[in-house]
Amino acid sequence: MESVVSVHGLRKRYGHFEAVAGIDLEVQRGEIFAFLGPNGAGKTTTVEILEGFRARTDGQVSVLGIDPAKGDAEWRNRVGAVLQESNAEPGLTVRESLQLYSGYYLHPRDIDETIALVGLEEKADTLGPQLSGGQRRRLDVALALIGDPELIFLDEPTTGFDPSARRTAWHVIHGLRGLGKTVFLTTHYMDEAEQLADRIAVIADGRIVAEGTPGTLGGRNRMAATIRFTLPAEVGSDELPPELRALLAGEDGRVTLTSDTPLAHVGELAEWAQSRGIDLPDLDVRRPNLEEVYLELTRGES
Ligand code: ATP
């Protein structure tokens with residue numbers, strides 16, 4: 001495995017305030033890495049240091065093998081960025097914007113192919129300001145890709161998108177992995193991270209508080225599951241077998257059990273219900289979702 005981004009002990013102080021308080025990160029070639037954290041956690045500061053736009057206070061940073069503080073034009077050609085604010089040129093069409101930007105790079109991608117990649121074929125001759133918000137973001141992605149970078153920073157790429165535009169954008173981002181690109185994604189949407197990311201790091205108050213795959217982040221895979229169901233009116237939860245009664249975590253019309261071994265406990269519940277001739281039509285079993293894990297990890301942070 002080859003590290004495309006490698007960060008050790010990164011710190012950034014603004015005066016006396018430490019916005020990034022000594023973080024370590026590794027991003028491997030070809031992966032989609034999601035960087036999550038509450039407002040003010042230090043994401044933009046970190047990303048801008050990695051992009052070479054901001055100076056660090058301390059620590060070692062290597063992006064594509066180069067210290068971004070010393071990145072030259074050739075290095076810049078290998079890195080693409082979609083910033084929160086739009087880059088689109090107001091007087092130019094989609095195709096013209098891409099033609100202009102392609103001139104800045106040593107080895108630009110094919111323009112029509114890039115337009116197709118982000119699904120803007122029908123808008124290729126439309127002026128930037130006449131695009132919808134979602135289409136403009138797609139143009140931003142196209143502009144970030146036109147130089148054919150190896151590593152792409154995407155800063156909240158789907159903020160303000162409608163659900164179907166978000167799905168399309170996810171498809172595009174997913175497609176980048178197919179092209180062998182490495183993606184460093186900043187997002188506030190847990191479902192986005194869950195859908196796209198190979199790995200997630202959560203930053204809070206300038207520190208990495210958790211790192212893992214969407215399935216394992218914060219010990220999610222080891223967290224207790226909840227088993228919920230409604231009993232018929234004439235059956236009380238005190239009639240459940242003792243092993244299940246011991247798991248009782250709440251009763252608000254529906255019974256809630258918490259279990260570390262949900263499969264075994266659901267089996268017991270099913271056996272008991274069948275023996276009593278009871279149906280449990282609304283039975284559900286779930287692990288904490290990524291949003292719940294995230295909120296737990298960042299609880300008490302701003
Ligand atoms: P958001 O999700 O809101 O974009 P973020 O995680 O990107 O937040 P940063 O923009 O990195 O957060 O900011 C981290 C902290 O550093 C914040 O408390 C912010 O106020 C502070 N900060 C950022 N830039 C500066 C600056 N130029 N001077 C002083 N403080 C700054």
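Residues numbered from 1 in each chain as written. Predicted model: local features only at pLDDT ≥ 70, side-chain atom pairs only at ≥ 80, totals over all residues. Heavy atoms only, no water.

1. Examining the domain arrangement of the protein
Interface size is often expressed as the accessible area that is lost when the parts come together.
Phase 1 of the analysis: According to the domain assignment, the protein consists of domain 1 (3-219) and domain 2 (224-286).
Phase 2 of the analysis: The straight-line distance from the C-alpha centre of domain 1 to that of domain 2 is 45 Å. (Domains from an automatic or database assignment.)

2. Focus on the site of the ligand
Phase 1 of the analysis: The local shell around the ligand holds 13 residues, among which Gly40, Gly42, Lys43, Thr44 and Thr45 are the closest.
Phase 2 of the analysis: Here Gly40 contributes a backbone N or O atom positioned 2.7 Å from an oxygen atom of the ligand.
Phase 3 of the analysis: Take Arg54: an N or O atom from its side chain is 3.3 Å from a nitrogen atom of the ligand.
Phase 4 of the analysis: Going through the elements one at a time, strand S2 (17-28) and helix H1 (43-50) are the ones with two or more residues in the shell around the ligand.
Phase 5 of the analysis: Tallying contributions element by element places H1 first for the shell around the ligand, with 3 residues.
Phase 6 of the analysis: Here the residues of the shell around the ligand sort into 5 nonpolar, 6 polar and 2 charged. (Near = heavy atom within 4 Å. Polar contact = N/O pair within 3.5 Å; in protein donor to acceptor, adjacent residues only side chain to side chain. Helix = DSSP H or I, 4+ residues; strand = E, 2+ residues; numbered from the N terminus. Nonpolar A, V, L, I, M, F, W, Y, C, P; charged D, E, K, R; others polar.)

3. Quick look at the nonpolar core
Phase 1 of the analysis: Formed by 38 residues in total, the largest nonpolar core has its most connected members in Leu98 and Ile200.
Phase 2 of the analysis: Considering each element in turn, this core owes the most residues, 6 residues, to helix H5 (residues 133-145).
Phase 3 of the analysis: If we ignore the near neighbours within four places in the chain, the residues touching Ile200 are Ala34, Leu36, Ala193, Ala210, Glu211, Gly212, Pro214, Leu217 and Leu290. (Core = buried A, V, L, I, M, F, W, Y, C linked by side-chain atoms within 4.5 Å. Buried < 20%, exposed > 50% of the residue type's maximum accessible area, 1.4 Å probe, protein only. Contact = heavy atoms within 4.5 Å.)

4. Some points on empty space enclosed by the protein
Phase 1 of the analysis: Applying the stated rule across the entire model yields 2 cavities of 30 Å³ or more.
Phase 2 of the analysis: The computed volume of the largest cavity comes to approximately 70 Å³.
Phase 3 of the analysis: Every residue along the wall of the largest cavity is listed here: Val118, Arg137, Arg138, Val141, Pro157, Phe161, Ala169, Val172 and Ile173.
Phase 4 of the analysis: When contributions to the lining of the largest cavity are tallied by element, the ones reaching two or more residues are H5 and helix H6 (163-178).
Phase 5 of the analysis: Of the residues contributing to the lining of the largest cavity, the split by class is 7 nonpolar, no polar and 2 charged.
Phase 6 of the analysis: Empty space within the second largest cavity amounts to approximately 30 Å³.
Phase 7 of the analysis: Taken together, Ile49, Arg54, Ala55, Arg56, Asp67, Pro68 and Ala69 form the lining of the second largest cavity.
Phase 8 of the analysis: Classifying every residue of the lining of the second largest cavity by side-chain character gives 4 nonpolar, no polar and 3 charged. (1 Å grid on protein atoms, 1.4 Å probe; cavity = no way out; pocket = protein on both sides within 12 Å on 5 of 7 lines; lining within 4 Å. Points joined across faces, edges and corners; volume = space filled by probe spheres on them.)

5. Overview of the environment of Ile278
Phase 1 of the analysis: Within the secondary structure, Ile278 is located in the loop between helix H9 (262-276) and strand S13 (284-286).
Phase 2 of the analysis: Judged by its relative accessible area of 13%, Ile278 is buried.
Phase 3 of the analysis: Counting along the chain gives 47 residues from Ile278 to Leu231, while the straight-line C-alpha distance between them is 8.0 Å.
Phase 4 of the analysis: When residues no more than four places from it in sequence are discounted, the contact partners of Ile278 are Pro232, Val235, Trp272 and Ala273.

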